[in-house]
Amino acid sequence: MTSPVRILSVGAAAPALRLPAAEVAAAWGRGPGARGQAGVCAPDEDVLTLAADAAGRALAASGLQNDIVDGLWWGTTRPPFAEGPSHAVLAAALGLSSHSAGALCSGSPHAGMEALLSAADAVAAGSARVALVVAADAVVPGPGTGYEARAGAGAAAMVLVSDGGQAALAARVTRTRPVLDRYRGDGESSTRDLYDSRLFRDQIFVPIVREVGEQLAALDVRAWSLPDPDGRLGGVVAKKLGTAVPASASAYGAVGDSGAAAALLGGVGALDAAGTVAMVGYGGGRATGVAVTADAPVRGAAVIADVLARGRPAGYAEALRSRRQLTPAGETVPMGVPPESASFVRGADEMLGLLGSRCVDCGTINTPPSIHPHCISCASTKFELVPLARQGVVHTFVVNHTMPAPFVAPLPLAVIDLVDGARVMLQVTGSGDGLEIGSTVDLVLRRYAHERGVPVYGFKAEATDSIAVEAP
Amino acid sequence: MSWNRVAVVGAGLIKFGELFEQSYEQMAAGAFQAAVGSVDRGFDPSQVEAAFVATQRGSLWGQEGIAGNTVPSAIGLAGIACTRIENACPSGSDAFRVGAMAVASGVHDVVLVIGVEKMRDKSTEEGLLSRAAAGHPIFTRGETAPVLFAPFATRHMHEYGTTREMLAAVAVKNHYNGARDPFAHFQNEITIDDVIASPSVCHPLHLLDCCPQTDGAAATLLVSAERAGEFTDKPVYVAGFGVGTDHPYLHEKAAFTGLKATTLAAERAYEMAGVEPAQVDCAEVHDCFTITEILDIEDLGFVEKGKGGVASLDGETSLRGRIPVNTSGGLLAKGHPIGATGVAQLTECWWQLRGEAGDRQVETPNGYALQHNVGGRGSGVSVVNILTTNAP
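Residues numbered from 1 in each chain as written. Chains lettered and ligands numbered in written order. Predicted model: local features only at pLDDT ≥ 70, side-chain atom pairs only at ≥ 80, totals over all residues.

## Concerning the overall build of chain B
In step 1: Counting its regular elements, chain B contains eleven helices and eleven strands.
In step 2: Taking 2.2 N^0.38 as the reference for a compact globule, 392 residues should give roughly 21 Å; the C-alpha atoms of chain B span a radius of gyration of 19 Å, in line with that estimate.
In step 3: Overall size of chain B, expressed as C-alpha extent along the three principal axes, is 55 × 45 × 40 Å.
In step 4: Of all 392 residues assigned to chain B, the portion counted as buried reaches 63%. (Helix = DSSP H or I, 4+ residues; strand = E, 2+ residues; numbered from the N terminus. Rg over C-alpha atoms; globule rule 2.2 N^0.38 Å. Buried ≥ 20, exposed ≤ 12 C-beta atoms within 10 Å, placed from the backbone.)

## A closer look at the nonpolar core
Soluble globular proteins: nonpolar side chains tend toward being buried together.
In step 1: Formed by 285 residues in total, the largest nonpolar core has its most connected members in Ala51(A), Ala54(A), Ala155(A), Ala28(B), Ala31(B), Ile114(B) and Leu387(B).
In step 2: Top contributing element to this core by residue count: helix 2 (residues 47-62) of chain A, with eleven residues. (Core = buried A, V, L, I, M, F, W, Y, C linked by C-beta atoms within 7 Å.)

## Quick notes on the domain arrangement of chain A
Residue and element names in this part refer to chain A.
In step 1: You can read the domains of chain A as domain 1 (6-322) and domain 2 (350-354 + 390-463).
In step 2: A separation of 28 Å is found between the C-alpha centroids of domain 1 and domain 2.
In step 3: Taken together, the 14 residues of domain 1 in the interface contact 13 residues of domain 2.
In step 4: When contributions to the side of domain 1 that touches domain 2 are tallied by element, the ones reaching two or more residues are helix 2 and helix 3 (86-93).
In step 5: Examining the composition of the side of domain 1 that touches domain 2, we find that four residues originate from one element, helix 2, more than from any other.
In step 6: Taken together, the residues of the side of domain 1 that touches domain 2 break down into eight nonpolar, two polar and four charged. (Domains from an automatic or database assignment. Contact = placed C-beta atoms within 7 Å. Nonpolar A, V, L, I, M, F, W, Y, C, P; charged D, E, K, R; others polar.)

## What to know about the pairing of strand 7 (residues 216-224) of chain B
Residue and element names in this part refer to chain B.
In step 1: Burial analysis of strand 7 places eight of its nine residues in the buried class, which makes it a mostly covered element.
In step 2: As judged from the seven bridges shared by strand 1 (residues 6-13) and strand 7, these two strands associate in the antiparallel manner. By the bridge assignment for strand 7, Gly10 is matched with Leu221.
In step 3: Relative to strand 7, strand 4 (residues 110-117) runs antiparallel, the two being bridged by eight bridges. Residue pairing across strands places Val116 opposite Ala217, the latter belonging to strand 7. (Pairing = 2+ DSSP bridges.)

## Overview of the interface of chain A and chain B
In step 1: Each side of the interface is counted separately: chain A has 31 residues, and chain B has 29 residues.
In step 2: Counting residues per element, the ones that place at least two in the side of chain A that touches chain B are helix 11 (342-352), strand 16 (391-400), strand 17 (411-418), strand 18 (423-427) and strand 20 (454-463) of chain A.
In step 3: Ranked by the residues each element gives to the side of chain A that touches chain B, the list is headed by strand 16 of chain A, at six residues.
In step 4: Alignment of strand 16 of chain A against strand 5 (residues 200-203) of chain B, held across two bridges, turns out to be antiparallel. Looking across to strand 5 of chain B, one finds that Asn400(A) is bridged to Cys202(B).

## Some words on the sheet that holds strand 12 (residues 312-313) of chain A
Residue and element names in this part refer to chain A.
In step 1: Read from one edge of the open sheet, three strands run 3-2-12, paired in mixed fashion. Each edge of the open sheet carries a strand with a single partner, namely strand 3 (37-40) and strand 12.
In step 2: Bridge count for strand 2 (residues 17-20) against strand 12 is two bridges, and the pairing is parallel. In the sheet register, Arg18 faces strand 12, and the bridge partner there is Pro313.

## Considering the packing of helix 3 (residues 91-104) of chain B against helix 11 (residues 338-354) of chain B
Residue and element names in this part refer to chain B.
In step 1: Here helix 3 crosses helix 11 at 60°, and the two axes come no closer than 5 Å. With respect to each other, helix 3 and helix 11 are oriented oblique. For the pair helix 3 and helix 11, the contacting residues are Ser91, Gly92, Ser93 and Phe96 in the first and Ile338, Gly339, Ala340, Thr341, Gly342, Val343 and Leu346 in the second.
In step 2: Tallied by class, residues from the contact of helix 3 with helix 11 come to five nonpolar, six polar and no charged. (Axes fitted to C-alpha atoms, helices over the stretch in contact; angles between N-to-C directions. Parallel < 35°, antiparallel > 145°, perpendicular 65-115°, else oblique.)

## A short note on helix 5 (residues 197-217) of chain A
Residues and elements named next belong to chain A.
In step 1: The axis of helix 5 is deflected most strongly, by about 40°, at Phe205, and proline Pro207 appears within four residues downstream.
In step 2: If you check which residues of helix 5 are buried, you get Phe200, Phe205, Ile208, Val209, Val212, Gly213 and Leu216.
In step 3: Taken together, the buried residues of helix 5 touch strand 8 (167-176), strand 9 (221-225), helix 6 (233-240), strand 10 (275-283) and strand 11 (286-294). (Bend = angle between axes of the 7 residues up to and from the residue.)

## A look at the sheet that holds strand 9 of chain A
Residues and elements named next belong to chain A.
In step 1: If you walk across this open sheet you meet the nine strands as 5-4-6-7-1-8-11-10-9, and the pairing is mixed. With one partner strand each, in any of the chains shown, strand 5 (101-105) and strand 9 form the two edges of the open sheet. Strand-to-strand twist across the sheet, computed as the mean angle between neighbouring axes with direction ignored, equals 20°.
In step 2: Sheet topology places strand 1 (residues 6-13) next to strand 8; two bridges connect them, and they run antiparallel. By the bridge assignment for strand 8, Arg6 is matched with Ala168.
In step 3: Here helix 3 sits on the sheet in contact with strand 4 (71-75) and strand 5, set at roughly 125° to strand 4.
In step 4: Contacts from helix 4 (residues 111-125) reach strand 4, strand 5, strand 6 (130-138), strand 7 (153-161), strand 8, strand 10 and strand 11, with the element oriented near 160° to strand 4.

Here's what the structure looks like:
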């Protein structure tokens, strides 16, 4: 006896930068005519921050309290820690309960579908009533490779429940074949393609994706999300399936190939209307198709296209620098507090959970709690831990232009009065253009540093999101 | 409050600058010799009973172990009592305060206060700028020194209409004074346009809004007032001092229009000295950045809160103004070798009160000069010392 698996809400995220294909072509002396663009993470973004943004949107659209989520299922080709607390850090940053379960799926672009199916199984089995699924990726291509201009980044998220919501998982099918396709050897930093694109297309990609697609085509599919790693293969498969331009084409046009996120990202936007959406994911010798049938628009789906449409154009050098493929010579300044030190252990919850200690006597919120044994206003020692508000107003700010590597200028920093009365000082995303006293900001998870292979996450301020999440 | 009075009978410094050719120890010896040489009736170095050494950055190459024993050996007084004082940018002024208390308590009769700082033995990136990565991993990440003061400029401009020109006027005035101080790092005059056209370091502060990185050393000789006559006919006395602190992180500041640590230190120093701000004839204040001097002159009570920018542009703090500030060129032109800074400021006050400041001499009808530093994370500590020619 299994429970139905229903979709309560969806969300998406795109990175800050867009690399035009023409920039890549020009960098390698290729002729004009390159079209399209790809999403590239800014230096303070990665698969974890994209996942946090997308999951945050899905949770906001769900109307649920974050701490009732029973588990987080996260799929990404390469987690930010090769070994380490990737899943735990994301769960903490999302404000999930320390009792929450779930899994991290990785190792190929198929990981997003694996996360979805694992979460669906948990809901079906009754071990999770509310499951959060997020697929996020930021493909790191080898410079000069043929698909470099297509290698993108993005994230999609779903809140699955056994009861409620406007859509349900209707069918699933998986096929596997043990062959190399897109891969990365042990110790290598960038992803490789097979040496011959027609070998890949004719012998590997099209047969397996087509077989999965044909299984789902038996349903009355209104919209397709089809893998399209090079800008042509998606169209080839669509033609074989007898459909027109797949719905996923708009997501690919906005952020390129978002790897493990692509299947979900190409499909969640199509859940803005009733009907069946088929999502096919591919990678690592596996293809999986999932059909979702919506009775009515799913919460959060209507704004997906707007979320993906944003982004600032970046030049090739900036993209390389952001992917850490272009690095400054010489020493960089190490963190005064190394990520493996005791203060990170002490501060883990308060930094990632964004906690303050509210004085029971005078109400002042002290941040962070671990450095305030006495209230800064009244010296009381009686506190209650509270999650800080995630919206505020800039009280004052600077834009730092002069820092040693690994810092990248310009770096805005602002003192922010949060709506709950707490005051914090944080970095601000972007260049600081347009930042003013009185600007309203949201706090978003970003990567503050990447040191000795270890990412360090914390919250930054960002100009208030103009894309409103519809209230449930 | 009952304390034995303290006189300053000698003071001196070495020329500030990028002193690549001098070691820490050579700088210390130069400053000590200058102070000894300044004593009117001569001074036998062996009379020093105890030394207080201000050095803020003990982390430069080869100086990691600076402690109380480093300086006595360098100045030929190995064996004397010696203590190192580290209290951020006010290290020098706090060493002076502690040295004065050692005399005031009656424990010592003759004390050396010496500040020595090597800023240029490490690259800028590995020196001051490296603090972008220091401190709390999130709340202070990217916080170089200008980040500690630039938010006050942003807010002061917003609340009081302070302008870029007003900020620049501070640098122009202090470079004018520095051009008349043979010990200053920079001895060139600049214009408001120069300041505004200089590169942005940390918006809204530009390069010429910022003090340079400077090597230097300075020393003062303190004796009990009753023995001052052994050394000079023109003693300068310690009138009072004060220290104030504030929360260390910027997000803990109640306001970004003034520095609370300065206000507290000044209140305590004025009360101890029994003077009002209006009685101060001239002041050496902490102008690590132009905005800092504007905050200082308000927090020290020389001008009304919010009027520091206008007063600076109007010349109220110039050599011939109502309250001359930073006649030595200040940190902006004379330089900011951190541990030496406060002691060098006190040396300038000593010269002004004795009428020995040459081209930059100001009138001192009341006989009071004030010295001030503020610094540390988030300007969390400030020291004010007040000197006087008025006999106790």
